[in-house]
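These are the residues of each chain, in order.
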2 protein chains.
Amino acid sequence: MTCPLCTPENEEILLQTDSLRVIAVHNEANAPAFCRVVWNAHVAEMTDLTAPQRTELMDAVYRVEAAMRQVFRPEKINLASLGNVVPHLHWHVIARFENDANFPAPIWAAAQREAGMVLPDNWPEQVRALLV
Amino acid sequence: MTCPLCTPENEEILLQTDSLRVIAVHNEANAPAFCRVVWNAHVAEMTDLTAPQRTELMDAVYRVEAAMRQVFRPEKINLASLGNVVPHLHWHVIARFENDANFPAPIWAAAQREAGMVLPDNWPEQVRALLV
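Every chain is numbered independently, its residues counted from 1 as its sequence is written. Chain A is the first chain written and ligand 1 is the first ligand written, with later ones labelled in order. Residues qualify for local features only when their pLDDT is at least 70, as the model is predicted, and side-chain atom pairs are given and counted only at 80 or more; totals for whole chains, interfaces and linings, by contrast, use all residues. Heavy atoms throughout the structure, all of them, feed into the side-chain values; hydrogens and water do not.

1. So, the relation of the copies chain B and chain A
So, step 1. Least-squares superposition aligns the copies on the C-alpha atoms of those residues with pLDDT at or above 70 in both. Of the two same-sequence chains, chain B is brought onto chain A (RMSD 0.0 Å, axial shift 0.0 Å) by a rotation of 180 degrees. Such a turn and shift between the copies fits a two-fold axis.
So, step 2. A share of 100% of interface residues in chain B that are also interface residues in chain A marks the association as one of identical surfaces. In this analysis, two residues are considered to be in contact whenever any of their non-hydrogen atoms come within 4.5 Å of each other.

Take a look at the structure:
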């Protein structure tokens, strides 16, 4: 199978380095305030990286978390590296709100309600501006 | 509300330091190969920690991941810091198997099948032995 993170299409990139990229995620109906940090090389697990690589990746995750906290003022940040479907290392960074579709359950659980919060249309630009 | 991670009961501790603890998790029916790394102090987000504290916490997560890979030889490791219900910083470290109850969906999605894998009864002891 071709890895969709090795041959990406239509990514809205907020930050790009030689090692990784940060993208705004728009196709998760239950989590509209969602960024993904993708390690560019095709490895599966954090423990497949060297220690400096892990630090580099997590520092990017923390920068995204800090930017999303500033832009969204969410109830909670959710971080997850799953990769069961696409075993190419990537981190989900998700801002959660008390009136989002699933709170307090994980976004992968069944939706409990219609999401009630309104996000600024230009949130990717706001997050991007905090990452440069 | 009293924080259940500040006043823990009946934790099976695999590693304990001044800053954090690693516990074996047995109450998640869909994820029997599950450890949790709990930051002892009551803070909510990774970006509430100092940089050295983040490094210390993630180094423990990576040690648990490495130990669980060695003990379980899983299809994938899942890492997640959610905390929507209990906003006290903790990491879920979950070994996933192609024949577990949810694979490849997250463990928080609806189960798709009865879990088919058999884990060694003494897996917490095996993980503990790799953490010391």
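2. Digging into the interface of chain B and chain A
Many analyses report the size of an interface as the accessible area lost when the parts associate.
So, step 1. With 30 residues of chain B in contact, the opposing surface of chain A contributes 30 residues.
So, step 2. Once two parts are joined, some of their accessible surface, as seen by a 1.4 Å probe, is lost; buried area is that loss totalled over both. Approximately 2700 Å² of surface area, both sides summed, lies buried where chain B meets chain A, with 55% of it carried by carbon and sulfur atoms.
So, step 3. On the chain B side of the contact with chain A, Tyr62, Lys76 and Asn84 of chain B bury the most area, a combined 25% of that side's loss.
So, step 4. By definition, a salt bridge exists where a carboxyl oxygen of Asp or Glu is found within 4 Å of a side-chain nitrogen of Lys or Arg. At the surface where chain B touches chain A, the tally comes to four salt bridges.

3. A short note on the layout of surface pockets
So, step 1. In this analysis a 1.4 Å probe is tested at points of a 1 Å grid over the protein atoms alone, and where it fits but cannot get out there is a cavity; an open set with protein on both sides within 12 Å along at least five of seven lines is a pocket; lining residues have an atom within 4 Å of a point. Grid points are joined across faces, edges and corners, and a volume is the space filled by probe spheres set on the points. Approximately 600 Å³ is the volume found for the largest pocket.
So, step 2. Contributing to the lining of the largest pocket are 27 residues, with Asn27, Glu28, Arg36, His90 and His92 of chain B lying nearest its centre.
So, step 3. Mapped by element, the contributors of at least two residues to the lining of the largest pocket are strand S2 (20–25), strand S3 (34–39) and strand S5 (90–96) of chain B.
So, step 4. The element best represented in the lining of the largest pocket is S2 of chain B, accounting for three residues.
So, step 5. Classes in brief: Ala, Val, Leu, Ile, Met, Phe, Trp, Tyr, Cys and Pro nonpolar; Asp, Glu, Lys and Arg charged; the others, Gly included, polar. Residues that form the lining of the largest pocket fall into these classes: 15 nonpolar, seven polar and five charged.
So, step 6. Approximately 510 Å³ is the volume found for the second largest pocket.
So, step 7. Lining the second largest pocket are 24 residues, with Asn27, Glu28, Arg36, His90 and His92 of chain A sitting closest to its centre.
So, step 8. Counting from the N terminus, the helices are the DSSP runs of H or I reaching at least four residues and the strands are the DSSP runs of E reaching at least two. Listing elements by their share of the lining of the second largest pocket, those giving two or more residues are strand S2 (20–25), strand S3 (34–39) and strand S5 (90–96) of chain A.
So, step 9. Element by element, the count of residues in the lining of the second largest pocket is highest for S2 of chain A, at three residues.
So, step 10. Looking at the lining of the second largest pocket residue by residue, the classes come out as 12 nonpolar, seven polar and five charged.

4. Digging into the nonpolar core
The nonpolar side chains of a soluble globular protein tend to be buried, and buried together.
So, step 1. Here, nonpolar core refers to any group of buried Ala, Val, Leu, Ile, Met, Phe, Trp, Tyr and Cys residues whose side-chain atoms link them within 4.5 Å. Buried means the residue's accessible area, taken with a 1.4 Å probe over protein chains only, is under 20% of the maximum for its type, while exposed means over 50%, and partly exposed covers the values in between. Judged by nonpolar contacts, the single largest core of 66 residues is most densely connected at Val37, Phe72, Trp91 and Val127 of chain A together with Val37 and Trp91 of chain B.
So, step 2. When residues no more than four places from it in sequence are discounted, the contact partners of Val37 of chain A are Leu20, Arg21, Val22, Leu57, Ala60, Val61, Val64, Leu89, His90, Trp91 and Val93 of chain A.

5. Notes on the packing of helix H1 (residues 51–72) of chain A against helix H2 (residues 123–131) of chain A
Residues and elements named next belong to chain A.
So, step 1. Inter-axis angles, ranging from 0 to 180 degrees, are taken between N-to-C directions of lines fitted to C-alpha atoms, where helices are fitted over the stretch in contact. Axis separation between H1 and H2 bottoms out at 9 Å; the angle between their running directions is 130 degrees. Considered as vectors, H1 and H2 are oriented oblique to each other. Judged by the sense of rotation from one axis to the other, the crossing of H1 with H2 is right-handed. Every residue of H2 that contacts H1 at Arg63, Val64, Ala67, Met68, Gln70, Val71 and Phe72 is listed here: Trp123, Gln126, Val127, Leu130 and Leu131.
So, step 2. For the contact of H1 with H2, the residue count by class is nine nonpolar, two polar and one charged. Any angle between 65 and 115 degrees counts as roughly perpendicular, while under 35 counts as roughly parallel, over 145 as roughly antiparallel, and the rest as oblique. Note on convention: the crossing is left-handed when the near helix lies turned anticlockwise from the far helix by less than a right angle, right-handed when the turn is clockwise.

6. Regarding the pattern of salt bridges
Pairing between side chains becomes possible if they bear opposite charge and their charged atoms approach one another.
So, step 1. Under the definition given, this model contains 12 salt bridges over all chains.
So, step 2. Put simply, Asp48 of chain A and Arg69 of chain B hold a salt bridge, and the shortest N to O gap is 3.0 Å. Here Asp48 of chain A is found in the loop between S3 and H1, whereas its partner Arg69 of chain B is found in helix H1 (residues 51–72) on a different chain.
So, step 3. In this structure, Arg36 of chain B engages Glu28 of chain B in a salt bridge whose closest nitrogen and oxygen atoms are separated by 4.0 Å.

7. Structural notes on the sheet that holds strand S1 (residues 12–16) of chain B
So, step 1. One requirement defines pairing of two strands: DSSP has to find at least two bridges between them. Strand order in the open sheet made by the 10 strands is S1(A)-S2(A)-S3(A)-S5(A)-S4(A)-S4(B)-S5(B)-S3(B)-S2(B)-S1(B), with antiparallel pairing throughout. The open sheet has two edge strands with one neighbour each: strand S1 (12–16) of chain A together with S1 of chain B. For this sheet, the mean inter-axis angle between neighbouring strands, taken without regard to orientation, is 20 degrees.
So, step 2. One ladder, built from five bridges, connects S3 of chain A with S5 of chain A; its direction is antiparallel.

8. Some remarks on unusual backbone geometry
Across residues other than glycine, the phi torsion is negative in most instances, and most of the peptide bonds are trans.
So, step 1. The linkage connecting Phe103 of chain A with the following residue, Pro104 of chain A, adopts the cis geometry, with an omega of 5 degrees.
So, step 2. For Pro104 of chain A, the location among the structural elements is in the loop between S5 and H2.
So, step 3. With a phi angle near 45 degrees, Arg73 of chain B is a residue other than glycine that sits in the positive phi range.
So, step 4. Mapped onto the fold, Arg73 of chain B is located in the loop between H1 and strand S4 (76–81).
So, step 5. Assessed through its relative accessible area of 67%, Arg73 of chain B is described here as exposed.

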